Amino acid sequence: MSQELAASLLNQTMALAGQISGRMQEALDRLDLTAPLANVLWLLRPDADPLSLRKIAGLLHCDPSNVTLLSAKLEQRGLAERRPHPRDGRVRTLVLTEAGEDARQRLLSTVMRHSPLAGLTLEEQEQLHALLTKAIHGA
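First, a word on scope: everything that follows refers to the structure included in this document. These numbers come from a predicted model, not from an experiment.

### Overview of the packing of helix α1 (residues 3–31) against helix α5 (residues 98–114)
Direction vectors running N to C along α1 and α5 enclose 145°, while the axes themselves pass 9 Å from each other. The handedness of the crossing between α1 and α5 is right-handed. Along its contact with α1, which presents Arg 23, Met 24, Ala 27, Leu 28, Arg 30 and Leu 31, the element α5 presents Arg 106, Leu 107, Thr 110, Val 111 and His 114.

Set out below in structure tokens:
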């Protein structure tokens, strides 16, 4: 890859990240969420196995104590509950409540409507997803 192409790709990536961040903040304001709380909501998929607090910290690249604080805030708002893992009771997980599932769905819907990626076709989104996965994981 040429240096100019690499510089252009990084510039485009940073511009896209800036657009996403700005539009994301608008959605978060409407939903009365902070970015860290929204990041946890993104990860808590209702159709997947519950994530341990330690796994959430790893995915967010933060200290587990931060996830403990965020979990408590989500619990206070009635959006999530800390529970023992169904297969290993020693492990604590974070699970969305019904209100949390609703908030997560509103977050996803709002962000997707306003995302700069919304103008891409499904095929283009799938291509971009594959390319970004390859770039991030080096596969």
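### Digging into the environment of Leu 108
Counting through the fold element by element, Leu 108 comes out in helix α5. With a relative accessible area of 19%, Leu 108 lands in the buried category. Linking Leu 108 and Asp 88, residues 20 residues apart in sequence, is a C-alpha distance of 30 Å.

### Points about the pattern of salt bridges
Pairs can form between side chains of opposite charge once their charged atoms are near each other. In total, this model carries six salt bridges according to the counting rule given. Between Arg 77 and Asp 32 there is a salt bridge, with the nearest N and O atoms lying 3.7 Å from each other. One end of the pair, Arg 77, is in the loop between α4 (64–76) and β2 (80–84); the other, Asp 32, is in the loop between α1 and α2 (35–43), and 45 residues separate them in sequence. A relative accessible area of 56% means that Asp 32 is categorised as exposed. In this structure, Glu 81 engages Arg 83 in a salt bridge whose closest nitrogen and oxygen atoms are separated by 2.7 Å.

### What about the nonpolar core?
If you look at the biggest cluster of nonpolar residues, it comprises 24 residues, and the most contacted ones within it are Leu 33, Leu 41, Leu 44, Ile 56, Leu 74, Leu 94 and Leu 107. Of all the secondary-structure elements, those providing two or more residues to this core are α1, α2, α3 (53–60), α4, β3 (92–96) and α5. Discounting residues that sit within four places of it in the chain, Ile 56 has contacts with Leu 43, Leu 44, Leu 51, Val 67 and Leu 94.

Quick notes on the rules
- Residues numbered from 1 in each chain as written.
- Predicted model: local features only at pLDDT ≥ 70, side-chain atom pairs only at ≥ 80, totals over all residues.
- Heavy atoms only, no water.
- Axes fitted to C-alpha atoms, helices over the stretch in contact; angles between N-to-C directions.
- Helix = DSSP H or I, 4+ residues; strand = E, 2+ residues; numbered from the N terminus.
- Left-handed = near helix turned anticlockwise from the far one by under 90°.
- Contact = heavy atoms within 4.5 Å.
- Buried < 20%, exposed > 50% of the residue type's maximum accessible area, 1.4 Å probe, protein only.
- Salt bridge = Lys/Arg side-chain N within 4 Å of Asp/Glu carboxyl O.
- Core = buried A, V, L, I, M, F, W, Y, C linked by side-chain atoms within 4.5 Å.

Keep in mind these numbers describe shape, not what the thing actually does.
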